Amino acid sequence: DALPILSSMVIGIGIFGLSIFITGFDLKIALWWVVLGYLFLTTGELLIGPIGQSMVGKLVPHGYEGLLMGVWQTFVGLSAAVADYLADMGSVPEEASYNQSSHIYLHAFMIITIATLILAAISWLIAPFVRRAIGNHG
C-alpha cells in the first residue's frame, strides 16, 4: 500500500508549511518543527525503498528480475530530477528577508503538499485494482 507512505510524506511536508504559518513570516521556526517534519519524511522514505525493491523482486516474471530492477532504479533516479525541480520552487534570493523567504517556502510546501495529497487519493482509488493484479501474479 502506498497510502501510508504518501500520508507520511503529506504530514512531513505539511508540518513545514504549518510551522511557517504558525510561527509567523518574520521569524525563524523552532528546530523541533524541522525534526518533526523530517521524522515523517524519513519514515516515508524508509518504507518505500525496501518495500519497493522487494516487491519488484517478488512480482516480476521469472527472467525479468534484473531488467525490472533496473527500471525501478531508473525511476529512483528520475525522482532526483523531480526533487531538483521542487527544490528550485523554494529557492530564495540571497538578499531576501525572512518574510520574503517564508512566503516562498510556504508556497513551495503548499504546492508539494497538495500534489502529494492528490497522489495519495489516486493511490487509494487504484489500490483495489493493484491488489487484484498482485493477487493474480503474486
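Note: the structure precedes this text.
Each value, and the rule that gives it
- Positions within a chain are numbered from 1, following the residues in the order the chain's sequence is written.
- Two thresholds apply to this predicted model, a pLDDT of at least 70 for residue-level local features and 80 or more for giving and counting side-chain atom pairs, whereas whole-chain, interface and lining totals are computed over all residues.
- Neither water nor hydrogens contribute to the side-chain values; these are computed over all heavy atoms in the structure.
- Starting at the N terminus, helices and strands are each numbered in turn, a helix being any DSSP run of H or I of at least four residues and a strand any DSSP run of E of at least two.
- Here a cavity is any set of points on a 1 Å grid over the protein atoms alone where a 1.4 Å probe fits but cannot get out, and a pocket is any open set with protein on both sides within 12 Å along at least 5 of 7 lines; a residue lines the site when it has an atom within 4 Å of a point.
- Grid points are joined across faces, edges and corners, and a volume is the space filled by probe spheres set on the points.
- For this scheme, ten residues count as nonpolar: Ala, Val, Leu, Ile, Met, Phe, Trp, Tyr, Cys and Pro. Four count as charged, namely Asp, Glu, Lys and Arg, and the remainder, Gly too, count as polar.
- Contact definition: two residues touch when any of their heavy atoms are within 4.5 Å.
- To estimate the expected span of a helix, count its residues, drop one, and scale the result by 1.5 Å.
- For every residue, the accessible area obtained with a 1.4 Å probe (protein chains only) is divided by the maximum for its type, and the residue is called buried under 20%, exposed over 50%, and partly exposed between those limits.
- Residues enter a nonpolar core if they are buried and are Ala, Val, Leu, Ile, Met, Phe, Trp, Tyr or Cys, with the set joined through side-chain atoms within 4.5 Å.

S.K.: Kindly report on the environment of Val 76, identifying the contributing residues and their values.
M.R.: Tracing the chain through its elements places Val 76 in helix H3 (residues 65–89). Considered as a pair, Val 76 and Gly 49 are 27 residues apart in the sequence and their alpha carbons are 9.1 Å apart.

S.K.: Describe the layout of surface pockets, naming the residues involved and giving the relevant values.
M.R.: Space left empty within the atom packing is revealed by a probe, the size of a water molecule, rolled over the atoms. Roughly 2,100 Å³ of internal volume is contained in the largest pocket. Residue lining of the largest pocket: 45 residues in total, with Ile 5, Leu 6, Met 9, Ile 48 and Ser 79 positioned closest to the centre. Only helix H1 (3–23), helix H2 (31–59), H3 and helix H4 (98–137) provide two or more residues apiece to the lining of the largest pocket. Sort the elements by how many residues they give to the lining of the largest pocket and H4 lands first, with 15 residues. In terms of residue class, the lining of the largest pocket is built from 34 nonpolar, eight polar and three charged. Reported here for the second largest pocket is a volume of approximately 260 Å³. Taken together, 14 residues line the second largest pocket, and the ones lying closest to its centre are Ile 20, Ile 29, Ser 102, Tyr 105 and Phe 109. Counting only elements with at least two residues in the lining of the second largest pocket, the list comes to H1, H2 and H4.

S.K.: Tell me about the side chain of Thr 116, and please be specific about residues and values.
M.R.: Its place among the elements puts Thr 116 in helix H4. In contact with Thr 116, not counting residues within four places along its chain, are Leu 6, Met 9 and Val 10.

S.K.: Summarise H2; cite the residues concerned and give the values.
M.R.: In this model, H2 (29 residues) spans 42 Å end to end at C-alpha, consistent with the 42 Å of a helix rising 1.5 Å per residue. Restricting attention to buried positions, one finds in H2 the residues Trp 33, Gly 37, Leu 41, Gly 44, Gly 52 and Val 56.

S.K.: Mind laying out the nonpolar core, listing which residues take part and the relevant values?
M.R.: Counting residues in each nonpolar core, the largest one holds seven residues, listed as Ile 13, Phe 16, Ile 20, Leu 41, Leu 106, Phe 109 and Ile 112. Going through the elements one at a time, H1 and H4 are the ones with two or more residues in this core. Not counting the four nearest positions on each side in its chain, Phe 16 is found in contact with Trp 33, Val 34, Gly 37, Tyr 38, Leu 41 and Phe 109.

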